[in-house]
Amino acid sequence: MEYVRELDTRAAGTAATQSALKVHRLTFMEAAMLVVGSTIGSGVLGLAYASRLAGWPVLFVWLVVAGIFSGISMLYVAETALRTQEPLQLSGLAEKYVGRIGSWLIFFSVGATSFCSLIAYTAGCGRILSECTGLTPELAGILFAAAATVVVWGGLKVTGVAEKFLSLGMIIMLLLLAGASVVSARVPLADILYTHWAYAVPVFNIAVFCYAVQYIVPELARGFTHAPQKLVPSLLTGMGISFLILASVPLSVFLMLPVAEITEVASLSWGRALQPDIFFFLVNAFAFCAMLTSFWAISESFLTNMVDRLHLASEGAVKDRALCLAVIVIPPVFLASGNLVGFVNALFSAGTFGGIIMSVLPVFMLRQARRRGNRQPCWQCGRIASLPVQLLVVALFSGAGIYALCSLVGLLPPAW
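Going by the annotation in an unreviewed UniProt entry, the name recorded for the chain is Amino acid permease, with Megasphaera hominis given as the source organism. The Subcellular location (unreviewed entry) comment attached to the chain in UniProt states, word for word, "Cell inner membrane".

So this is what it looks like as structure tokens:
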């Protein structure tokens, strides 16, 4: 990887005026925390349960491997964005470099991933608020979604600032919880270092989809039109912080709970195992913040993808913005509060395959951007964009898709 030369920011400003997407400057920390907010959602609290049979060391190895290859896919998107003069979202970049079919595939991917994630976040935060306020989970979920949408309405800059402060608070809470788990560990460290590789494949697939947030990269590029050289460092910083959180939360749960006591959503069992009771509320506050920050990042990104893909006049047009946010937020709230389990499961399956498409298509987008891009980038991928690495990225994520398909039709071994 190497820097080649910096962008002419005046040209970037001219390009920005030709796009329906507004340019909102981000700071380095705001950009990094947008990555963290996108990656750390409700899934982080399910990693301990998902890896309880394989063991935490297996999860750690797969988080490293999946993080590296997902990071490579995201860096392909970063170089593609840096080679494009106008600020475009992921679906817009796909249309420019792989055609309309690729663009619609990406749009479907972002949409499916967004809907299934927002359903989980609305339901999860609704339950937490219900326990704290006495409201019904359905009403609490509606109130949560309405309040969270206000931040998204403010645009990329407002979302970035909110992500920065809440993500920093989330990191502080995690440090306190991890420290308490180490100090008052109920399970000896030696007892959690077991490895059962027969159960490793499902854990790898879960790790892959933890990092499937390629849609956030063009948002960062749009926020760094004034300083494009900060795009890659902020992206890597956010990925690094995300990895530490994804590895630390299940480790803390394993230290506090024997395998038989680990629940599917670890916040309840983990919080009750910690003493004093204040840690129970701290665990739930961490879970709430994790889902809220992800709600913001995903909604903002899907909104700009809609503007880009549907060729709306302007991101700032009140009518278009309100309509897009209604389409993004209302269906997940309705599904989260209704008894539509079958449809929700279908959406989650769509979100799984959407994550694969978002991870694989950047390979082809980068190859075309290097031929047809209209701007000299300030950064290039270098050796990680060599043909063997690209083939490995395609094979890895395609394999994850085959696993998901086999899981869907019941063809997996009973141990998985």
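Still to come is the rest of the account.
Glancing now at the overall build of the chain. Each helix and strand counted, the chain has 15 helices and two strands in total. Based on the C-alpha atoms only, the size of the chain along its principal axes is roughly 60 × 50 × 40 Å. Residues classed as buried in the chain amount to 55% of the 416 residues present.

One way to put it is that helix H6 (residues 137-153) packs onto helix H12 (residues 278-309) with a least axis distance of 9 Å and a crossing angle of 50°. Comparing the axis directions of H6 and H12 gives the class oblique. When the axes of H6 and H12 are compared, the crossing they make is right-handed. Every residue of H12 that contacts H6 at Phe-144, Ala-145, Ala-148, Thr-149, Val-151 and Val-152 is listed here: Phe-288, Leu-292, Phe-295, Trp-296, Ser-299 and Glu-300.

On to the pattern of salt bridges. Two side chains bearing opposite charge may form a pair once their charged atoms approach each other closely. Tallied over the full model, the rule gives 10 salt bridges. Glu-30 is the partner of Lys-164 in a salt bridge, and the nearest nitrogen-oxygen pair spans 3.9 Å. Taken together, the residues span a long stretch of sequence, with Lys-164 in helix H7 (residues 156-183) and Glu-30 in helix H2 (residues 28-39) at a distance of 134 residues. Neither residue differs from the other here; Lys-164 and Glu-30 are each classed as buried. Ionic contacts of the salt-bridge type, sharing partners, join the residues Glu-219, Arg-222, Glu-300 and Arg-321 into one network.

What follows deals with the packing of aromatic side chains. Applying the stated criterion across every chain, the model contains 10 aromatic pairs. Taken together, a centroid distance of 5.9 Å and an interplanar angle of 80° make the contact between Phe-115 and Phe-302 edge-to-face. On the criterion of sequence distance, the pair formed by Phe-115 in helix H5 (residues 90-133) and Phe-302 in helix H12 is long-range, its members being 187 residues apart. When its relative accessible area of 4% is taken as the criterion, Phe-302 is described as buried. On the numbers, 5.7 Å between centres and 70° between planes, the contact of Phe-144 with Phe-288 is edge-to-face. Of this pair, Phe-144 sits in helix H6 while Phe-288 sits in helix H12, placing them 144 residues apart in sequence.

Conventions and cut-offs
- Residues numbered from 1 in each chain as written.
- Predicted model: local features only at pLDDT ≥ 70, side-chain atom pairs only at ≥ 80, totals over all residues.
- Heavy atoms only, no water.
- UniProt positions renumbered as here; feature names shortened; annotations may be inferred.
- Helix = DSSP H or I, 4+ residues; strand = E, 2+ residues; numbered from the N terminus.
- Buried < 20%, exposed > 50% of the residue type's maximum accessible area, 1.4 Å probe, protein only.
- Axes fitted to C-alpha atoms, helices over the stretch in contact; angles between N-to-C directions.
- Parallel < 35°, antiparallel > 145°, perpendicular 65-115°, else oblique.
- Left-handed = near helix turned anticlockwise from the far one by under 90°.
- Contact = heavy atoms within 4.5 Å.
- Salt bridge = Lys/Arg side-chain N within 4 Å of Asp/Glu carboxyl O.
- Phe/Tyr/Trp six-rings, centres within 6.5 Å; stacked < 30°, edge-to-face > 60°.

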